[in-house]
Amino acid sequence: MNRQQRIYYSVLIVVVSTRFCYAGRTFQPSGFYVEVGQSYSWWDGIMECARRNMSLLTLDSSEIADTLSSVIHDQGKFDNPILWLGASSHATKGVYECISTGASFKLSGDDRQNKCIVFDLTGKGKKGIDCTETHGYVCEPNRHLLEAKKELEDYKVSFYAKKQILADLKNSPQQLVDKDNQLEELRKMVKMSEDNLKDVGERNKTYERLIKKLDSLQKDLVVLRSTNANHLEKVKYKRKELNEMKKNHDNQIAKNCKDTWQLMIQLKKALEVQMNITTKM
């Protein structure tokens, strides 16, 4: 069955027939609608099913065949009617194609074209006959419509599940958790600053010891000058060395103090900002 023929049959399925015969019955739980009146062509059967938002039955499994057989028997109320099914060989000679699923099949010994399938209980199943003959028909719920409804329901379930997840996320205390993490980071920075201050204190103690040592050396220099002029040059050299050490140390101390002071200023500003945020919360 080519594309044009598929479109043609689809149009036929949605066309509302002008026939108003309601002699048929709907059987549950299969949902089959069976019209046993032998006055419908295959095309009439298509339109009658479409009028009920159904399609001619696609007989593609033994389970469906057994169900249809039990429906036709209906405790002896039906007299073995011949019923149109949803397949024809309009497209390819000897190949029958189902109008609902597009599946194709062949019947043994049947290589004719433009024939349509009926279910004949007396003939033990399906057979191809002229599409203009008049028989009954059997409809089934439109498979494409059922699949579309199921897909829509699945989308609804997925949508509402995601919507609930989003609502849960909006209501979670994530902002408070973030603030606690920021506060913890600030605590770590304070600890680091305290450790740096301890290092500065140790360096100041070292500086004081050097100052005392320098003072002692200066006193020794005075003694040496008064006692031994020959040691003057050595003392001058030693003093120069110590002065250089003191200068380097002073520069290092000054740099460390400056860095530490800047860090303390940044920390103080960060703490003030955090305190303002905490107060507002």
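Residues numbered from 1 in each chain as written. Predicted model: local features only at pLDDT ≥ 70, side-chain atom pairs only at ≥ 80, totals over all residues. Heavy atoms only, no water.

1. A look at the overall build of the protein
Working step 1: Looking only at helices and strands, the protein features six helices and nine strands.
Working step 2: The burial tally for the protein puts 31% of its 281 residues in the buried class.
Working step 3: Of all intrachain contacts in the protein linking residues separated by at least 6 positions in sequence, the fraction that spans at least 24 positions is 67%.
Working step 4: Here the protein displays about 18900 Å² of accessible surface, and carbon together with sulfur accounts for 56% of that area. (Helix = DSSP H or I, 4+ residues; strand = E, 2+ residues; numbered from the N terminus. Buried < 20%, exposed > 50% of the residue type's maximum accessible area, 1.4 Å probe, protein only. Contact = heavy atoms within 4.5 Å. Areas by Shrake-Rupley, 256 points an atom, 1.4 Å probe, with all protein chains shown as cover.)

2. As for the pattern of salt bridges
Working step 1: Evaluated as defined, the whole model comprises eight salt bridges.
Working step 2: The partner of Lys 127 in a salt bridge is Asp 120, and the shortest N-O contact between them spans 3.2 Å.
Working step 3: Given the relative accessible area of 35%, Lys 127 is considered partly exposed.
Working step 4: Asp 259 is the partner of Lys 255 in a salt bridge, and the nearest nitrogen-oxygen pair spans 3.2 Å. On the criterion of helical spacing, the pair formed by Lys 255 and Asp 259 is a turn pair, its members being four residues apart in helix α6 (residues 232-280).
Working step 5: Each of Glu 48, Arg 51 and Arg 52 takes part in salt bridges that share partners, so that together they form one network. (Salt bridge = Lys/Arg side-chain N within 4 Å of Asp/Glu carboxyl O.)

3. Observations concerning the state of the cysteines
Working step 1: Scanning the model with the defined rule gives two disulfides in all.
Working step 2: Across the disulfide, Cys 49 is cross-linked to Cys 139 (sulfur-sulfur distance 1.9 Å). The disulfide joining Cys 49 to Cys 139 has a torsion of about -85° about its S-S bond and is therefore left-handed. In this pair, Cys 49 is assigned in helix α2 (residues 42-51) and Cys 139 in strand β9 (residues 135-141), connecting sequence segments 90 residues apart. Summarising the burial analysis for this pair, Cys 49 and Cys 139 share the class buried.
Working step 3: With a sulfur-sulfur separation of 1.9 Å, Cys 116 is cross-linked through a disulfide to Cys 131. (Disulfide = S-S within 2.5 Å.)

4. Thoughts on the packing of aromatic side chains
Working step 1: A full pass over the atoms with the stated rule returns five aromatic pairs.
Working step 2: Centroid distance Phe 159 to Tyr 160: 5.3 Å. Interplanar angle 70°. Geometry classified as edge-to-face.
Working step 3: A network of ring pairs unites the aromatic residues Tyr 33, Tyr 40 and Tyr 137 as a single cluster.
Working step 4: A cation over an aromatic ring shows up here: Lys 126 above the ring of Phe 105, its NZ or CZ 4.1 Å from the ring centre. (Phe/Tyr/Trp six-rings, centres within 6.5 Å; stacked < 30°, edge-to-face > 60°. Lys NZ or Arg CZ within 6 Å of the ring centre and 35° of its normal.)

5. What to know about a nonpolar patch on the surface
Working step 1: Together, Leu 197, Trp 261, Met 264 and Ile 265 give the surface a local cluster of nonpolar side chains, amounting to about 390 Å² of exposed area.
Working step 2: With three residues, the top contributor of residues to the nonpolar patch is α6.
Working step 3: By secondary structure assignment, the location of Leu 197 is in helix α5 (residues 174-227). (Patch = residues over 30% accessible without salt bridge, like charges linked within 9 Å, V, L, I, M, F, W, Y side chains within 5 Å.)

6. Considerations on the confidence of the model for the protein
Working step 1: Taken over all residues, the pLDDT of the protein has a mean of 78, while the share at 70 or more is 82%.
Working step 2: Across the protein, the element-wise mean pLDDT spans from 45 in helix α1 (residues 3-14) up to 93 in α2.
Working step 3: Throughout residues 6-22 the model reports pLDDT below 50, and contacts reaching past four residues in sequence, or to other chains, amount to 40 contacts. (pLDDT = per-residue confidence, 0-100.)

7. Side note on the nonpolar core
Working step 1: Judged by nonpolar contacts, the single largest core of 21 residues is most densely connected at Phe 32, Leu 68, Leu 85 and Val 138.
Working step 2: At the level of elements, β2 (32-40), α3 (62-73), β4 (82-92), β5 (95-98) and β7 (115-120) are the ones that each hand at least two residues to this core.
Working step 3: Broken down by element, the residue count for this core peaks at five residues, all from α3.
Working step 4: Discounting chain neighbours no more than four positions away, the residues touching Leu 68 are Phe 32, Leu 57, Leu 83, Leu 85, Phe 119 and Val 138.
Working step 5: Among the nonpolar cores identified, the runner-up in size contains 16 residues, and Ile 46, Ile 82, Ile 99 and Cys 116 belong to it. (Core = buried A, V, L, I, M, F, W, Y, C linked by side-chain atoms within 4.5 Å.)

8. Examining the environment of Thr 260
Working step 1: For Thr 260, the location among the structural elements is in helix α6.
Working step 2: Along the chain, Thr 260 and Glu 194 lie 66 residues apart, while their C-alpha atoms are 9.9 Å from each other.

9. Some remarks on the pairing of β4
Working step 1: For β4, the buried fraction is high: nine of the eleven residues fall into the buried class.
Working step 2: Two elements, β4 and β7, share four bridges in a ladder whose sense is antiparallel. Opposite Ser 88, over in β7, you have Cys 116 as the bridge partner.
Working step 3: Relative to β9, β4 runs parallel, the two being bridged by two bridges. Counterpart to Leu 83 in the pairing with β9 is Gly 136.
Working step 4: Relative to β5, β4 is paired through three bridges, and the arrangement is antiparallel. Looking at β5, one finds that Thr 92 is bridged to Val 95.
Working step 5: Between the antiparallel neighbours β4 and β5 lie two residues, among them Gly 94 with a positive phi of about 80°. (Pairing = 2+ DSSP bridges.)

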